[in-house]
Amino acid sequence: MKRIINIFAILVTAAAGFTSCEDVIDLDIPNGKTFAVVDAWITNEAGKQSIRITESVPYTATGAAPAISDAVVVLTDLTDNKTYPFTFANGVYSHDPGLDKSIGVLNHAYKLRIELKTEVFEAIDTIKRVPEIDSISYEFKTEENSASNEEGYYARFWGRDLAGASDYYWVRSYRNTKENRVGDAFAVDGSYQEYVSDSAIFIVPISESITDWDKPFQLNETVIVRLASLTKSSHTFLTHVESQLNNGGLFAKILENVKSNIKNTNASSETRVLGWFGTSAVKFKERVIR
Amino acid sequence: MKTTANTLMLICLLMLTTFSLMAQQQRYTVSGYVKDEHSGESLIGISIGKPGTSVGTVTNEYGFYSLTLPAGSHEIQYSYMGYKPIKMTIDLTSNKRQDIKLAQADRQLNEVVITSKQQEKNINTLNTSLNKLDIAEMKKLPTFMGEVDVLRAIQTLPGVNTVGEGAASFNVRGGAGDENLILMDEAPVYNSTHMLGFFSVFNPDAVKNINLIKGGFPAEYGGRTASVLDIRMKDGNNQKLGLTGGIGNIFSRLAVEGPIQKDKSSFIIAGRRSYMDVMMKPFMKGDMKDTKLYFYDLTAKVNFNLNKNNSLFVSGYFGRDVFGFGGQVNMNWGNTTTSVRWNHIFNNRLFMNLTTYYTKYDYSLEFKSKETDVAKQSYKWTSNIINYGIKPAFTYYINSNNTLHFGVQSVLYTFKPGKGTATDGETTNETVLKDKNALEGAVYLDHELKAGKFGVQYGVRLSGFQFRGKGTAYYYADTTAGIRKRLDHTQEFAAGKTIADYYFLEPRISAKYKLNATSAVKAAYSRSAQYMHQLSNTASPTPVDIWTPVTNNVKPQLTDQVTAGYFYNAPGDKFELSAEVFYKTMKDQLDFIDNSDLDLNEFIEADLLASTGRAYGLELYVKKDIGNTTGWVSYTLSRSERKTPGISQSEWFINRYDRTHNVNVVVSHEFTKRISMGANWVFASGTPATFADARLEFQDWDIPYNTTEKRNNYRLKPFHRLDLSVTWKGKQLKRWKGEWVFSLYNVYARRNAYTVYFRQNEDDPNKKEAVRLSIIGSIIPGITYNFKF
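It should be emphasised that the depicted structure is a prediction, and the values quoted were computed from it without experimental measurement.

Student: Which parts of the structure should I look at to understand the overall build of chain B?
Tutor: Along the backbone of chain B there are five helices and 51 strands. Taking 789 residues into account, the globule formula puts the C-alpha radius of gyration at 28 Å, and chain B, at 27 Å, falls close to it. Projected onto its principal axes, the C-alpha positions of chain B cover 90 × 70 × 50 Å. Counting all 789 residues of chain B, 51% fall into the buried class. In chain B, once contacts between residues fewer than 6 apart in sequence are set aside, the share between residues at least 24 apart is 65%.

As structure tokens, this is what we get:
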């Protein structure tokens, strides 16, 4: 909702004839402390699953963050008590159950255990249900017909929230390949809030989030959409991340650090890791712009 | 409770004894209204006194005065800045009613006139921390886009600042934005700006004058802790029909005022509408085709002098901002206020104003599927807050040295935090966040005593707040500070049943000692309680940041402030100067957990934190009222901090609205009768900010992270800006009077930082950068034609 108001703020400033402006500046601030950052998101996709553990780096540092290679990473399926060791190679910890097999199973709970030096960290998450993406549609807009003045194809997806209970979703879209991320959006049922609607089609700002308005799709490009289920706590974490990533404008918030669900098993230890352990059931849909 | 009531009784008794002792000599009272000769507007703050003595009084907000003097013959002078003084000899052999009409002075006469504004001088009034501005002074300030603006004007005063350009709130003496009581003809206003903060909702054509009280609050004011911004609207000309207005590049204004029955009753209707949407229309195609972007407001007032002792005022305000985007997103919000006031003179020494008011703020937000979509869907949220208030206020003018103010106040609140309607094809689904109900009440009494060089106003306000049914109370389990609290249980309460209640005794005292003919020292202490908070965790409040009452989970905020000052009035009134210091502590200020969810959240109280605040500072103010060059310079040195468990390692941190230095220079110069110029320069220390010193790589994102965990430990670059304006009056015809106002805002096009945020470079995601956002990054010209007919 704040995003809608921010659009308004931009329009107000533009329409009133004064342009708010942004300049990239150099901040002379000391480098922060270094933390281990766990990027662990397990899905029910078949095949290899990967987890990254890196070091936090100064914000403006260029290049990828250095990987931490000496951790011991084990994933446990708490529901049917299976363990999956993840081994380090090429910068990531991974486990491959085989081409047609998946680690993630719907409604199963998982525990991630990481041994780092002498400390042990653990986190738990559950794979929730996810609906199908019914279709992707798109519409061509000329430069002057588009709100962002960019000519191209504006896509949206069609899907319907599952009936009953509150469901939390993560919509991520890609251009051509899954390496090329376009945008993210987060939903509760089909909208933004619990108990508003149930089993509704994903509402407009969410369904249209798969297009980057500043860089719409072009002819022959492939629109790929991933819909992932989330637990409520993962949804809270991801929307917190989202607010930190898009925190400009008249209604900017104070930078508020994202929390981690990966806890040190020794409660009296001061050592912490950052990052998140999440699990999702996922559905994909893709469509080539013709 | 019992002890507070007893204390109150004791104070009353004490006061009564004092007065009975004083009422020995034969005395009579002269009383009446003071009005403008040409317009019939009642005049506020007119000095009435015996020249050469300190005996005197000033008219109240309704232009009424009462002065009790020993029997005999007295020379009395009525005077006010910009008016020809009237001097008359009054023979007091009995009580006397003396209504006065003052005529506006010619420009040349100003100097003579002003030297005689005895009673109004800062060295003669009891109040500390009070700034007055009338509309004539505000009009001299350079404008933003050609528009005279109440909220921008008060930001030039010492002790007042904002988080940045375009912010929808202001901060007084280190208080948060929701700690200001904004009253328009006595009715509270919840959202004081249009266009997200760029323009205030008060139409300058209808504003008469404003008072900003920053400390030493008289007992009649309560409910907010940082300041009272008391805005009085014009009554409307009761002599002849008139038209005023202006055409600017952003919006136009038109006001009509005139008598309903000459001398007896009058009206004013003033409206404004912005038209940027109309101007944008030709450029809006495709997605932008149905873009709506405008605001309007209507201010109306009628008043009736029913007879010598009774007058009635009915004021109304209705304003709205409308925003729509491609027919798919629609938003609108606005205030509605209505107040009915009855002035009654019981006798020449007892004056009453009874105000009843209704005020409402509401917003609506809607998403809709496109007209062309096969599957029809919509999602609409509405929310509002409604108050009904009643406040009889009495002033008892015992004699020329003693005045008593007392009254009762009561407000009934209903909050509708949100109603959601989702439609999907034929099905409609409704969600309602539960209403909240509350009742606020207060009784107050204060005594103004003048004894030669010494003066004191002391009193007490007993306030109470009842958060009541019908409603649901939420009870949360204790948890680590800074983390969302877990719901323990809820309980339903029937209509009228108390869920939580709070009572506070708020003592207030202001004292003055006049050192000599030109200088005085003053000191004040006040305690005030606040039972309402605005839920906003962004730099500037948004239109959907709703207000919420204190509940069983949220405690009232309690602020104690001490202030002391030195006031100097140069001989011949060449200039006036004040230096004030203040210190205040704030208990139970509202704060928020990290990543708090304030939008339409039923369990919002689980995300709220209570913090302790403190603020202190020095304010210097020099003002020159007379001559061709007038203006003021204000300087504030201050600090505003808070401590919140769970935030910034539970240590003290500086508030976002803290400014170490804040300078305002306002100058206006009249070159000739027809050409004048205004200039305004602002300097303020940079906004405190929290910077990311690290990034976390996660799922293809780079998440900014602050490993110090300290909040606001950096500052943005200092803010400064120069504005200029030139007013050119055309040939002033007998009836038609016109003027052109040309203004330049941000003359040297400084890009003042509003925030700094962190992002991946759009073209090269490997590059991460810190970005400075300037809301206004260029020079903004404005042009307005104002007319009067």
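Student: Mind showing me how you'd approach the overall build of chain A here?
Tutor: Within chain A, the secondary structure is distributed over three helices and 16 strands. The globule rule puts the C-alpha radius of gyration for 290 residues at 19 Å, and the 21 Å found for chain A is close to it. Residue pairs in contact within chain A that sit at least 24 positions apart in sequence constitute 65% of those at least 6 positions apart.

Student: Help me out: how do you make sense of the environment of A300 of chain B in this one?
Tutor: Residues and elements named next belong to chain B. Topologically, A300 is positioned in strand β21 (residues 292-307). The buried category is assigned to A300, around which 20 C-beta atoms lie within 10 Å. For A300 and S650, which are 350 residues apart along the polypeptide, the C-alpha to C-alpha distance reads 49 Å.

Student: Looking at this model, I keep getting lost on the sheet that holds strand β11 (residues 168-175) of chain A. Mind explaining?
Tutor: Hydrogen bonds between backbone groups are what pair the strands of a sheet, and the pairing can be parallel or antiparallel. Residues and elements named next belong to chain A. As summarised here, the arrangement of the four strands in space is β12-β11-β13-β16, forming an open sheet in which the pairing is antiparallel. The sheet is open, and its two edges are formed by β12 (181-188) and β16 (282-288), each paired on a single side. Neighbouring strand axes in the sheet, compared pairwise and without regard to direction, differ in orientation by 15° on average. Inspection of the sheet shows strand β13 (residues 222-230) paired to β16 by seven bridges, in the antiparallel sense. Bridging across to β16, L227 finds its partner in K283.

Student: What is the right way to read the pairing of strand β28 (residues 436-451) of chain B from this model?
Tutor: Remark: a regular strand shows side chains that alternate across the two faces of the sheet. Summarising burial for β28 of chain B: twelve of the 16 residues are buried, a large majority. Counting the residues in the hairpin turn of β28 of chain B and strand β29 (residues 454-468) of chain B gives two residues, including G452 of chain B, whose phi is positive at 65°.

Student: Looking at this structure, how should I read the confidence of the model for chain B?
Tutor: Caution applies to low-pLDDT parts of the model: their predicted coordinates are not meant to be read in detail. All names here are of chain B. In the predicted model, chain B carries a mean pLDDT of 89, and the fraction of residues at 70 or more is 94%. When mean pLDDT is compared element by element in chain B, strand β40 (residues 652-654) scores highest at 97, while helix α2 (residues 110-114) scores lowest at 44. pLDDT under 50 marks residues 108-116. Its contacts with residues more than four places away, or in other chains, come to 21 contacts. For this predicted complex, the interface confidence score (ipTM) comes to 0.95, while the overall pTM stands at 0.91.

Student: Got a minute to help me understand the interface of chain B and chain A in this structure?
Tutor: In many analyses, interface size is given as the accessible surface area lost on bringing the parts together. Opposite the 81 residues of chain B that make contact, chain A presents 77 residues. Here the element with the most residues in the side of chain B that touches chain A is strand β50 (residues 768-774) of chain B; it accounts for seven residues. With five bridges connecting them, strand β1 (residues 21-25) of chain A and β50 of chain B associate as antiparallel partners. For I25 of chain A, the partnering residue across the bridge sits in β50 of chain B and is A770 of chain B.

Student: When you look at the domain arrangement of chain A in this model, what are you seeing that I'm missing?
Tutor: All names here are of chain A. By domain assignment, chain A separates into domain 1 (36-128 + 257-280) and domain 2 (133-230). In this structure, domain 1 and domain 2 have C-alpha centres spaced 28 Å apart. Split into classes, the residues belonging to the side of domain 1 that touches domain 2 amount to one nonpolar, three polar and one charged.

Student: Hey, could you run me through the environment of L733 of chain B in this one?
Tutor: Mapping L733 of chain B onto the fold places it in the loop between β47 (719-729) and β48 (737-745). L733 of chain B sits 562 residues away from N171 of chain B along the chain, and the two C-alpha atoms are 43 Å apart.

Student: How should I be thinking about unusual backbone geometry in this particular structure?
Tutor: As a rule of thumb, non-glycine residues mostly have phi less than zero, and peptide bonds are mostly trans rather than cis. All names here are of chain B. Each neighbour pair has its own omega, and for G469 with K470 the value is 10°, a cis peptide bond. The backbone of E709 shows a phi angle near 60°, a positive value even though the residue is not glycine. As for its position among the elements, E709 is in the loop between β45 (701-705) and β46 (714-715). A positive phi angle is found at N712, which is not glycine, with a value near 55°. Inspection of the secondary structure puts N712 in the loop between β45 and β46.

Student: Help me out: how do you make sense of the sheet that holds strand β2 (residues 47-49) of chain B in this one?
Tutor: All names here are of chain B. Ordered in space as β3-β2-β5-β6, the four strands form an open sheet in which the pairing is antiparallel. Pairing within the sheet leaves two strands with one partner each, and these edge strands are β3 (56-58) and β6 (86-92). On average, each strand axis in the sheet is tilted by 20° relative to the strand beside it, whichever way the strands run. As defined by bridge partners, β2 adjoins strand β5 (residues 72-79) across three bridges and the pair is classed as antiparallel. In the sheet register, I48 faces β5, and the bridge partner there is Y78.

Student: Help me understand the pairing of strand β16 (residues 207-213) of chain B, please; the structure alone is not making it clear to me.
Tutor: Residue and element names in this part refer to chain B. With five of seven residues buried, β16 lies mostly within the body of the structure. Relative to β16, strand β9 (residues 130-134) is paired through five bridges, and the arrangement is antiparallel. Along β16, the bridge assignment pairs L130 with I213. For β16 and strand β17 (residues 227-233), the ladder comprises six bridges, and the chain directions are antiparallel. By the bridge assignment for β17, I213 is matched with V228.

So, how was this worked out
- Residues numbered from 1 in each chain as written.
- Chains lettered and ligands numbered in written order.
- Predicted model: local features only at pLDDT ≥ 70, side-chain atom pairs only at ≥ 80, totals over all residues.
- Helix = DSSP H or I, 4+ residues; strand = E, 2+ residues; numbered from the N terminus.
- Rg over C-alpha atoms; globule rule 2.2 N^0.38 Å.
- Buried ≥ 20, exposed ≤ 12 C-beta atoms within 10 Å, placed from the backbone.
- Contact = placed C-beta atoms within 7 Å.
- Pairing = 2+ DSSP bridges.
- Axes fitted to C-alpha atoms, helices over the stretch in contact; angles between N-to-C directions.
- pLDDT = per-residue confidence, 0-100.
- Domains from an automatic or database assignment.
- Nonpolar A, V, L, I, M, F, W, Y, C, P; charged D, E, K, R; others polar.

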